[in-house]
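Chain residues, written in single-letter form:
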Amino acid sequence: MGEMGDPVQLKEEGNKHFQAGELDKATECYTKALKVCKDNKVQAIIYRNRSACFLRKENYTNAASDASKAIDVDSSDIKALYRRCQALEKLGKLDMAFKDVQRCATLEPKNKTFLETLRRLGAEIQQKLKTTFSTDSRVQSMFDILLSDEADKDKKEKAANNLTVLAREDAGSERIFQNNGTALLMKLLETGEVEMILGAVRTLSGMCTGHRARASAIINMVGVDKLCSIMAMDNEEIALATCNLFQCVYDSLTGGDTRIYGKEEALVLDTNRDLKTILLALLEMIGSKKVSGHGRDQALNLLSKNVPRKDKRNTDNSKTLFTIDNGLRKILKVCGQMPDLPNQLPLTENTQLIASVLLNKLYDDLRCDPERDNFRDICDDYIKSKFDPNDMDKNIHAINALSGLLQGPFDVGNIIVGRQGVMEIMVALCGSEREVDQLVAIEAIIHASTKMSRASFIISNGVSLLKDIYKKTKNEKIKIRALVGLCKLGSAGGDDYSMRQFAEGSTEKLAKQCRKWLCNPTLDVRTRKWAIEGLAYLTNDADVKDDFVEDEPAMKAMFELAKSKDKTILYAVACTLVNCTNSYDKKEIIPEMVQLAKFSKQHVPEQHPKDKKDFIQKRVKKLLKAGVTSALAVMVKADSSVLTDQTKEMLARVFLALAEDAKDRGAIVAQGGGKALIPLALEGTETGKIKASHALAKIAAVSNPEIAFPGERVYEVVRPLVNLLNTERDGIQNYEALMGLTNFAALSDKLRVKILKERALPEIENYMFEEHDQIRQAAVECMCNLVCCKEVQERYLEDGNDKLKLLVLLCGEDDENIQIAAAGALAMLTAAQKKLSVKMTKVTEQWLEIMQRLCLHDNPQIQHRGFVTVFNMLDSDEVAKRLIESEMLEIMSYFAKQEDNAKRQACIDAARACVSKAMDLGLIKPFTQ
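Conventions we followed
Residues numbered from 1 in each chain as written. Predicted model: local features only at pLDDT ≥ 70, side-chain atom pairs only at ≥ 80, totals over all residues. Heavy atoms only, no water. Helix = DSSP H or I, 4+ residues; strand = E, 2+ residues; numbered from the N terminus. Buried < 20%, exposed > 50% of the residue type's maximum accessible area, 1.4 Å probe, protein only. Lys, Arg positive; Asp, Glu negative; His and termini not counted. Salt bridge = Lys/Arg side-chain N within 4 Å of Asp/Glu carboxyl O. Contact = heavy atoms within 4.5 Å. UniProt positions renumbered as here; feature names shortened; annotations may be inferred. Phe/Tyr/Trp six-rings, centres within 6.5 Å; stacked < 30°, edge-to-face > 60°. Lys NZ or Arg CZ within 6 Å of the ring centre and 35° of its normal. Patch = residues over 30% accessible without salt bridge, like charges linked within 9 Å, V, L, I, M, F, W, Y side chains within 5 Å. Areas by Shrake-Rupley, 256 points an atom, 1.4 Å probe, with all protein chains shown as cover. Charge placed at Lys NZ, Arg CZ, Asp CG, Glu CD. Core = buried A, V, L, I, M, F, W, Y, C linked by side-chain atoms within 4.5 Å. Axes fitted to C-alpha atoms, helices over the stretch in contact; angles between N-to-C directions. Parallel < 35°, antiparallel > 145°, perpendicular 65-115°, else oblique. Left-handed = near helix turned anticlockwise from the far one by under 90°. Nonpolar A, V, L, I, M, F, W, Y, C, P; charged D, E, K, R; others polar. Expected span 1.5 Å × (residues − 1). Arc of directions from axis to C-beta.

**Student:** Please explain the side chain of Arg528 as it appears in this structure.
**Tutor:** Within the fold, Arg528 resides in helix 27 (residues 525-538). Buried Arg528, no salt bridge; nearest opposite-charge side chain is Asp524, N-O distance 8.3 Å. Not counting the four nearest positions on each side in its chain, Arg528 is found in contact with Trp517, Leu518, Asn520, Pro521, Leu523, Ala557 and Leu561.

As structure tokens, then:
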């Protein structure tokens, strides 16, 4: 590297890299040079050079701004002007590009390139003006239809739809905006008709996407309050569309504008003020009675998605602190609602869980103890302020808010449960006459009942209290909840057979009771949901798992609930399925340790006989038969605020267990399993992504990719498969990923390019050296399907690597499958790149012997590939001479003279082609009879 202080040397070095096509290195050198360069003129040249790098890298925004910096120093810098013109054209700024090339043509009137570009851009601008005017009239006519009283409903809906489509294009958005569109869209919002409102909201979303200035102008014209009142309507579609509009506005205001403004257009926008207004308005919505359940859900979702930091390395958590100061009490108010009581906020089935998840994310985003103490104090004060010995409803609200905390930031709730007097209120509520009091108290006790509980009361008296309630109550709703509490406190041992707290057999009785409740359609959904919660704990026991999969109505009832609108159930369903398929991480039971433990009288974990492999496989088959895949496919689509990363990981584990047997994979694909796995493989916990990727690999390895992943989806599967090609993954994952990629690579050129783009090539090459035969075979087969790509051929042409040598040597292996794939790759490479025939003879002494062995092989597939390669090699003079001087001539002639034979026809034809080619080239005399 050049000395740190020498910009000229760094610039020269950058130029060398640029000439060699090493754009990243060149950019790096220029950037370093700019940091140390003091001379304006030199700086301008470096900017101009770096602009060329950005152009080649297709980063047009930076290319244009670097060229501008060079032009600022010298306004007639022709190279910089032309580069900026190219970049601006790519960015769609034709008029600005035209000005630049006009200047170039004035400076060099004879330059053909400049004149051609000038002519082309001129024509494009003319064309664009024509369409622009037609767009204007189209926009006008759409609004005329939408706002007229006469036009029929169909016509209006079509116009609303056209407007939405138009707004997806930047030019269309700008036209609507310039034609007083925002005011007209506001009129549509006032119509109160669902389709009109949806059309307006979706059009506004298009207009706000990726354009900071427009988003700011629109949000100030329409008004945040107006949008909130639309989102507050009791219509799920409208709430979702408005939530999406807020997200577009938010992204545009924070993401910075992708456009470049020249000096004259620099806009100073007060985006922070806009963002604060939005944040406060959303917090206002959360606690307001005027807002529908759907609207509340979306307001909570927006906060969950945008307030906490995406990346913990960023130290600024001020949005979270602002939300806690201005909205924590409002979120707790949502958690405290009890739908069975009068005057509650409108909620959906999911609202309170979404609120708990938000509480958890906010608490998680805090950076130090004082911040956490403040969060806890606010919660503590809120709950304490609600306790009132004379008002049961207020007590219920307090205890329910506490349940919300226990389901969110557990530590905070746990500390409050341990406070003096809290437990007493819970016990008092359990003894109340009102059903609603008992329900709230028992649910809170369940949420507080874990081994980590601070309340010594729960550890010492929880079981007896719940047993007492379970025995005495006649009310099914209360019975079922008491049962779940007992299950939860009793399920400490996991699947350890010998640590059952219940008497032998009672676990199965409880589970039977849960299955009965689950199948009882007269019970409300919330109560049946608790039956699944019970099974989530009880299925730790292998007898319970086996009984559950024998009970098809119970399984189907659980799947139906999993598909219902109530998504709070997902976690319990996922737990139950993980338990039934044994797809949790196993604790190894090491025989020596067992001996040692027995000797020292310690507890020995035992495995239940029904947790052995054949039992698990039978359970998997029964779940598949009952329709588990279609339930999973619906669960995966749930909103991210309810479908946490942990639940996603559990679903991925279940999918992997279901896909174990290749015979079942077709059924999984048929019920939408392939599609459902893609989001699980792309985001979530590391373990979850790997398990989902492995399940995708299993499906990709044995299915027709076009059926398993229809349409564009197949491209999304490439990255998860490539992620499994690394040494940290185990052999079976490597193998199945390679099989899947082999399948994909055979499909289309576009897919092959995608595989190379995901940087799979070096990994596949590594596995061609693998000790393990099957993995090596899969890698060679995958390579064989990729060699028709130019990029791959070039790697074989490069000097200084052993790729070609390895391929030739693989043709000489004993394993026929490897030979077929390696010889196939060689035949394709030598056909595509003549130079490789010569290179082949130089990389290894054994080439001739190996080629002869291929052409003499018993397996017709291998022999055919051998002769095809020889045919290709005859094109190169020096190689052809050596082939003909060797025994190869005899081998060719022998097979060329064979009688026609269906089994070996391809080989005989190839041998004849070799002989006739050798004759045409004058290497051998025609046969004389």
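And the narrative resumes.
**Student:** Please explain the UniProt feature "repeat: TPR" (unreviewed entry) in the protein as it appears in this structure.
**Tutor:** Per the UniProt annotation, the sites labelled "repeat: TPR" (unreviewed entry) are residues 7-40. In this annotation, residues 7-40 is assigned 82% helix and 0% strand; the end-to-end C-alpha distance for the span is 12 Å.

**Student:** It is not clear to me how the packing of aromatic side chains should be interpreted in this structure. Could you clarify?
**Tutor:** Within the structure shown, the criterion is met by 5 aromatic pairs. The interplanar angle of 75 degrees and the centroid separation of 6.2 Å between the aromatic rings of Phe709 and Phe744 together place this pair among those described as edge-to-face. Of the two residues, Phe709 sits in the loop between helix 38 (705-708) and helix 39 (713-723) while Phe744 sits in helix 40 (residues 731-745), which places them 35 residues apart along the sequence. An identical accessibility class is assigned to Phe709 and Phe744; each is buried. Above the ring of Phe18, the side-chain terminus of Arg56 is found at 4.8 Å from the ring centroid. Here the basic side chain of Lys479 rests over the ring of Tyr470, its NZ or CZ set 4.7 Å away from the ring centre.

**Student:** Whenever I open this one, a positive patch on the surface confuses me. Can you help?
**Tutor:** Residues Lys305, Lys310, Lys319 and Lys361 make up a contiguous surface patch of positive charge. Along the chain, the position of Lys305 falls in helix 16 (residues 293-306).

**Student:** Would you mind showing me how to read the nonpolar core here?
**Tutor:** As a rule of thumb, soluble globular proteins bury nonpolar side chains together. Formed by 260 residues in total, the largest nonpolar core has its most connected members in Phe375, Leu518, Phe709, Phe744 and Tyr796. Those residues in contact with Tyr796, other than ones at most four positions away along the chain, are Met768, Met783, Val787, Lys803, Leu804, Leu807, Leu829, Leu836 and Lys839. Within the second largest apolar cluster, 33 residues are counted, among which are Leu34, Ala63, Leu81 and Leu88.

**Student:** I'm lost on the packing of helix 10 (residues 181-190) against helix 12 (residues 212-222) in this one. Help?
**Tutor:** Helix packing for two helices is described by the angle between their axes and how far apart those axes are. At a minimum axis separation of 10 Å, helix 10 and helix 12 run at an interaxial angle of 45 degrees. Between helix 10 and helix 12, the angle falls in the class oblique. Classified by chirality, the crossing of helix 12 by helix 10 is right-handed. When helix 10 is examined against helix 12, the residues Thr182, Ala183, Met186 and Leu189 are found in contact with a partner set consisting of Ile218, Met221 and Val222. Class assignment of the residues belonging to the contact of helix 10 with helix 12 gives a composition of 6 nonpolar, 1 polar and no charged.

**Student:** What am I meant to see in helix 8 (residues 153-167) here?
**Tutor:** A turn of α-helix holds 3.6 residues, and therefore any two residues three or four places apart point the same way. Between the first and last C-alpha of helix 8 there are 21 Å, a value that for 15 residues agrees with the 21 Å anticipated at 1.5 Å per step. Restricting attention to buried positions, one finds in helix 8 the residues Lys156, Ala159, Ala160, Leu163, Thr164, Leu166 and Ala167. Viewed along the axis of helix 8, the buried residues span an arc of 165 degrees, placing them on a single side of the element. When the buried face of helix 8 is taken as reference, the exposed residues oriented beyond 90 degrees from it are Asp154 and Lys158.

**Student:** Could you clarify how one ought to interpret helix 6 (residues 94-107) in this entry?
**Tutor:** Relative to the 20 Å expected for 14 residues at 1.5 Å per residue, helix 6 spans 20 Å between its end C-alpha atoms, a close match to the ideal helical length. Turning to helix 6, its buried residues are Leu94, Ala97, Asp100, Val101, Cys104 and Ala105. Relative to the axis of helix 6, the buried residues are bounded by an arc of 140 degrees and lie together on one face. Within helix 6, the exposed residues directed more than 90 degrees away from the buried face are Asp95, Lys99 and Thr106.

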